[in-house]
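Below, each chain spelled out in residue letters.
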Amino acid sequence: MIIKKNDLYNFLICLFISSIPMMPLFTMYGFYALGFLVTILYLCVLLKNNKLILTKFDYLYVFLIIWTILSTQWSVSKELYLIKFMAVYLLFSVSSIKLLFIANDNDITKVLKKFFISFVIGTAIVSIICILYENPTNLSTTRLGTYLFAGEYGTRMMYTYNLEISIFILLYVFFNTKTLTKKMLYIFLIAFFMICIFLSGTRKILVGILLFGFIHTYFSNKRNFLKLIFKMMIIIICCIAIYFVIMNVDVFYNILGNRIEKAINYAKGTGIDASLRDRNVMIDYGIEYFKQHPIIGNGTNAFHVLFNIDYNQDLYAHNNFIELLCNYGIIGFSIYYSIYIIYLFSKSNSTYNIFFKSAIISLLILDYWTISYYRIHFMIFLELTAMFYKFENVKKVEN
């Protein structure tokens, strides 16, 4: 049997996309080997066809890397490892998504389906391994992903990024599927991922799910007021049901429910939540660091050095806005978030447009609780978004 070149490209790219959520299973060596292989293949195709397609994301992120390199001249840390991550992950993201478009004749539907399936399957497999390996159902308070993603794999937070993007994909597919049997399959998958989210104990993903659900429903039904209200009510009922499950099933309560209670009590001023308290402290310190050099920032990786000096904890800011403002000032902040603004206001008649708009707004708000600007999960998603709107614009011009 002769393997076609495009089939080989599709297989390797989908394997690489799956390796992102499954990094502990592929190992760092496997992940990087696949990433560089896909990059080499893309460069070979590029040299042969001589058709380099660049997006606004590509330009702006390169500008951000250049600004980050310049910031080493006044950085208090002088560390270069973030620049390495940013450059390599940009290379992987650009090469894999652009080669995926080439291998599928720029058919956006095929590209998005392959990306969605690869990422979701990767997240599902690593979730099953996490559950078997860590056994979180023993009524302990250990959060899913703690051990499998320890060390070089970036902590449990890397696992939550996988869940975050996968649940957005599944919700979109569920909302846009008409066949009952397929809807039942997606309900099963969503239920499985929701259980994993409960076991991960991550409150912000619940916020993200709520945001994505409301935003997608609004964009999909804004011209039909009654239908919009009806679907919003269904989402609210589902939220109440989810809250009831979390607070009344022991294993979910021990891992997530008590964290929600602490957050509510902390907001009321009647309790202590160490996590929220520390995050607020980081924000306060980050704002003060930003004020020192508001235009150019304190240089790459400055926050964790300054915070370690002042608070005796070597941590990043846990807030993408603060991290960017502190390290790269208004200039770096503006470069990065102009990417979100550009694609938030890009237009398309495709139903995928609603998916990307809903995801972009949700991820933008969730940046208040996470660091995203140098994570491969978000970079490859932004490259996918950029290529989608690039070819949507090409279709408009052709028409």
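This text follows the structure it describes.
Let me begin by describing the structure that accompanies this report.

Conventions adopted
Residues numbered from 1 in each chain as written. Predicted model: local features only at pLDDT ≥ 70, side-chain atom pairs only at ≥ 80, totals over all residues. Heavy atoms only, no water. Helix = DSSP H or I, 4+ residues; strand = E, 2+ residues; numbered from the N terminus. Rg over C-alpha atoms; globule rule 2.2 N^0.38 Å. Buried < 20%, exposed > 50% of the residue type's maximum accessible area, 1.4 Å probe, protein only. Contact = heavy atoms within 4.5 Å. Areas by Shrake-Rupley, 256 points an atom, 1.4 Å probe, with all protein chains shown as cover. Lys, Arg positive; Asp, Glu negative; His and termini not counted. Charge placed at Lys NZ, Arg CZ, Asp CG, Glu CD. Axes fitted to C-alpha atoms, helices over the stretch in contact; angles between N-to-C directions. Parallel < 35°, antiparallel > 145°, perpendicular 65-115°, else oblique. Left-handed = near helix turned anticlockwise from the far one by under 90°. Nonpolar A, V, L, I, M, F, W, Y, C, P; charged D, E, K, R; others polar. Core = buried A, V, L, I, M, F, W, Y, C linked by side-chain atoms within 4.5 Å. Expected span 1.5 Å × (residues − 1). Polar contact = N/O pair within 3.5 Å; in protein donor to acceptor, adjacent residues only side chain to side chain. Disulfide = S-S within 2.5 Å. Salt bridge = Lys/Arg side-chain N within 4 Å of Asp/Glu carboxyl O.

1. Remarks on the overall build of the protein chain
The secondary structure content of the protein chain amounts to 15 helices and zero strands. Computed over C-alpha atoms, the radius of gyration of the protein chain comes to 21 Å, within 12% of the 21 Å expected from 2.2 N^0.38 for 399 residues, which places it in the range of a compact globule. Seen along its three principal axes, the alpha-carbon backbone of the protein chain occupies a region of about 65 × 60 × 45 Å. Out of the 399 residues in the protein chain, the part that is buried amounts to 53%. Once local pairs closer than 6 in sequence are excluded, the contacts in the protein chain between residues at least 24 apart make up 73%. If you sum the accessible surface of the protein chain, you get close to 18,800 Å²; carbon and sulfur atoms cover 67% of it. With 34 positive and 21 negative side-chain charges, the protein chain shows a spacing of 11 Å between the two charge centroids.

2. Structural notes on the side chain of Asn327
Take Asn327: it is sitting in helix 13 (residues 320-344). Setting aside residues no more than four positions away along its own chain, Asn327 makes contact with Ile296, Gly297, Asn298, Gly299, Thr300, Asn301, Ala302, Phe303 and Tyr373.

3. Here we look at unusual backbone geometry
Positive phi, normally seen in glycine, also occurs at Asn301, with a value near 60°. One can find Asn301 in the loop between helix 11 (274-292) and helix 12 (302-311). When its relative accessible area of 4% is taken as the criterion, Asn301 is described as buried. Positioned with a positive phi, His318 is a non-glycine residue whose angle comes to about 60°. Along the chain, the position of His318 falls in the loop between helix 12 and helix 13. Overall, His318 belongs to the buried group, its relative accessible area being 17%.

4. So, the packing of helix 3 (residues 56-71) against helix 4 (residues 81-103)
Closest axis-to-axis distance for the helix 3/helix 4 pair is 10 Å, and the angle between their directions is 165°. Our classification of the angle between helix 3 and helix 4 gives roughly antiparallel. Every pair of crossing elements has a handedness; the one defined by helix 3 and helix 4 is left-handed. Contact with helix 3, carried on its side by Phe57, Asp58, Tyr61, Val62, Leu64, Ile65, Thr68 and Ile69, involves Ile83, Met86, Ala87, Leu90, Val94 and Lys98 of helix 4 and no other residues of that element. Of the residues in the contact of helix 3 with helix 4, the class split is eleven nonpolar, one polar and two charged.

5. Here we look at the nonpolar core
Counting residues in hydrophobic clusters, the biggest one holds 111 residues, and the most contacted among them are Tyr61, Phe116, Ile167, Tyr336, Phe355, Phe356 and Tyr373. In contact with Phe356, other than residues within four places in its own chain, are Leu112, Phe381, Leu384, Thr385, Phe388 and Tyr389. Formed by eleven residues, the second largest nonpolar core is a distinct cluster that contains Val281, Met282, Leu306 and Ala317.

6. Comments concerning the packing of helix 11 against helix 12
Running from amino to carboxyl end, helix 11 crosses helix 12 at an angle of 110°, the nearest separation of the two axes being 11 Å. One way to sum up the angle between helix 11 and helix 12 is to call them roughly perpendicular. The chirality of how helix 11 crosses helix 12 is right-handed. Here Asp278, Val281, Met282, Tyr285, Gly286 and Tyr289 of helix 11 come into contact with helix 12, specifically with Phe303, Leu306, Phe307, Asp310 and Tyr311. Residue composition of the contact of helix 11 with helix 12, by class: eight nonpolar, one polar and two charged.

7. Some words on helix 13
For helix 13, which comprises 25 residues, the first-to-last C-alpha distance of 18 Å sits more than 12% below the rise-based estimate of 36 Å (1.5 Å per residue). Of all 25 residues in helix 13, 18 are buried, a share of seventy percent or more. The backbone nitrogen of Phe321 lies 3.0 Å from a side-chain oxygen of the residue at the head of helix 13, namely Asn319.

8. Considering the side chain of Ser200
Turning to its location among the elements, Ser200 is positioned in helix 7 (residues 180-200). What makes Ser200 buried here is its relative accessible area of 0%. A polar atom in the side chain of Ser200 sits 3.1 Å from the side chain of Thr202. Leaving out residues up to four positions away in the same chain, Ser200 has contacts with Arg143, Leu144, Arg156, Tyr159, Thr160, Leu163 and Ile255.

9. A word on the state of the cysteines
Inspection of the entire model under this criterion finds zero disulfides. Lacking any disulfide linkage, Cys44 is separated from the closest cysteine sulfur, that of Cys14, by 19 Å. Note on Cys44: relative accessible area 47%, which makes it partly exposed.

10. Some details on the pattern of salt bridges
Scanning the model with the defined rule gives four salt bridges in all. The residue Glu383 makes a salt bridge to Lys98 at a minimum N-O spacing of 2.6 Å. Of this pair, Glu383 sits in helix 15 (residues 376-398) while Lys98 sits in helix 4, placing them 285 residues apart in sequence. Given a relative accessible area of 0%, Glu383 falls into the buried group. We note a salt bridge from Arg277 to Asp278, for which the minimum N-O separation is 3.3 Å. Residue class for Asp278 comes out buried when judged on its relative accessible area of 17%. Here the residues in one salt-bridge network are Asp58, Lys98 and Glu383, joined through shared partners.

11. Some remarks on the environment of Val62
Mapped onto the elements of the fold, Val62 is located in helix 3. Counting along the chain gives 24 residues from Val62 to Met86, while the straight-line C-alpha distance between them is 9.2 Å.

Honestly, that's just the spatial picture; any functional story needs more than this.
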